[in-house]
Amino acid sequence: MVAKSWADPEYRRWLFEDSGAAIASLGYTGRQGENLLAVENTPKVHNLVVCTLCSCYPWPVLGLPPVWYKAAPYRSRAVADPRGVLRDFGVELPEETEIRVWDSTAELRYLVVPMRPDGTDGWSEDRLAGLVTRDAMIGTGLALSPAEAAA
Amino acid sequence: MNGVHDMGGQHGFGPVRPERDEPVFHAEWERRAFALTLAMGATGTWNLDGSRFARESLPPVTYLSSSYYEGWLAALERQLVEHGLVGEDELATGRPLAEHPAPVARTLDAADVPATLGRGGPTVRDARRPARFAQGDRVRARNIHPATHTRLPRYVRGHVGTVERVHGCHVFPDAHAHGLGEDPQWLYTVRFDARELWGVDADATSRVSVDAFEPYLEPAP
């Protein structure tokens, strides 16, 4: 889904206009994915998804959530100290970047579309897909650089 | 309810500790607890909102000291007893003791699991009245403290935000969890500035949204 949005501008437009249909077209449907919403990272805005009240997570796309996502440290701090949480994941963003936190308090399930890494011009969708991580789609990570993916 | 499950903004839980190459389940019993919870949900004896309420109603010490699936299992046991499907004596002995097990409306066969999970549980319903708020409206999260199930976290109550998205009408968990029907309500993404929520020392560039049902909100100047 993310790699396709990087490689295919038409798909990207569709993904942010009608996330549910665009994601369903790739076969990702079902329980805990009934209302999917893709949110876009840009140079100005970094998105981060949490469920402070329980453990809401887009199962059909990302599988079951990792333990840290369901545990008190992440749920308590993601909304009040998102930069600190990102530092726990080794992610340091520029001070002027807006951190936009989405607390999944109803049945909408959010997916972050990370920024396309530099140095990937002309890469195929398949090759780009190798740069996309689960954490990047929660917002606690960034997409891998070509060097990181090769390591 | 104002329970310990409502964690947004609490201090003292320490750093997030990501686990490298984390398995989906850390033990076989976790897989079983997960499957049991979904299978019992599929009987229709209760709904997802009722299950969430059962989990947040666990004693606070139990909630905080249990692993995730320990909590699920403890809540499931509580629901089974409350609905008369399993006796305390049966939980204690780990064996069925009733001569005739209480019936359930439906059972989930292993062969039907993929289709059942694939169908999911859509919560969107037809609107019976127009939405009270529109994109861009200033709204205040009401200062309410229901002792029953609610999905309005404490950290936004009383605070003013902006309606960012309108999502149609959805099943209202506050009613649905307690057997009061679906009572569909308009659902909004409401965005708050971090400083509105956390004060002047908060990061000026952070913003936080919650998905809020219409009864949680009132107009703000």
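Residues numbered from 1 in each chain as written. Chains lettered and ligands numbered in written order. Predicted model: local features only at pLDDT ≥ 70, side-chain atom pairs only at ≥ 80, totals over all residues.

**With respect to the overall build of chain A**
Counting its secondary structure elements, chain A contains 10 helices and four strands. Its helices and strands in sequence order give chain A the pattern α-α-α-β-β-α-α-α-α-β-β-α-α-α, from N to C terminus. Its C-alpha atoms give chain A a radius of gyration of 15 Å, within 12% of the compact-globule value 15 Å for 151 residues. Taken along its principal axes, the extent of the C-alpha atoms in chain A is 40 × 35 × 25 Å. Here chain A holds 151 residues, and 50% of them are scored as buried. Within chain A, contacts between residues separated by at least 24 positions form 70% of all contacts whose residues are at least 6 apart in sequence. (Helix = DSSP H or I, 4+ residues; strand = E, 2+ residues; numbered from the N terminus. Rg over C-alpha atoms; globule rule 2.2 N^0.38 Å. Buried ≥ 20, exposed ≤ 12 C-beta atoms within 10 Å, placed from the backbone. Contact = placed C-beta atoms within 7 Å.)

**Topic: the overall build of chain B**
Looking only at helices and strands, chain B features eight helices and six strands. Counted from the first residue to the last, chain B has its helices and strands arranged as α-α-α-α-α-α-β-β-β-α-β-α-β-β. Here the C-alpha coordinates of chain B stretch approximately 65 × 45 × 35 Å along the principal axes. Relative to its full complement of 221 residues, chain B shows a buried share of 30%. If you take every contact in chain B between residues at least 6 apart in sequence, the share linking residues at least 24 apart comes to 65%.

**Some words on the interface of chain B and chain A**
The interface is formed by 41 residues belonging to chain B together with 39 residues belonging to chain A. Listed by contribution, the elements that provide at least two residues to the side of chain B that touches chain A are helix H2 (48-56), helix H6 (113-119), strand S3 (160-170) and strand S5 (206-213) of chain B. Looking at the side of chain B that touches chain A element by element, the count peaks at seven residues for S5(B). Among the residues making up the side of chain B that touches chain A, the classes are represented as 17 nonpolar, 14 polar and 10 charged. Examined bridge by bridge, strand S3 (residues 98-103) of chain A and S5(B) share five bridges and lie parallel to one another. Its bridge partner being in S5(B), A:Asp103 is matched across the sheet by B:Val210. (Nonpolar A, V, L, I, M, F, W, Y, C, P; charged D, E, K, R; others polar. Pairing = 2+ DSSP bridges.)

**Considering H2(B)**
With eight of its nine residues buried, H2(B) lies for the most part within the structure. For H2(B), every residue scored as buried is listed here: B:Asp49, B:Gly50, B:Ser51, B:Arg52, B:Phe53, B:Ala54, B:Arg55 and B:Glu56.

**Looking at unusual backbone geometry**
Residue and element names in this part refer to chain B. The backbone phi angle of Asp 21 is positive, close to 50°, even though this residue is not glycine. You can see Asp 21 is positioned in the segment before helix H1 (28-41). Looking at Asp 21, the number of C-beta atoms within 10 Å reads 4, which means it is exposed. Located in the positive-phi region is Asp 183, a residue other than glycine, with phi close to 40°. As for its position among the elements, Asp 183 is in the loop between helix H7 (173-176) and strand S4 (185-193).

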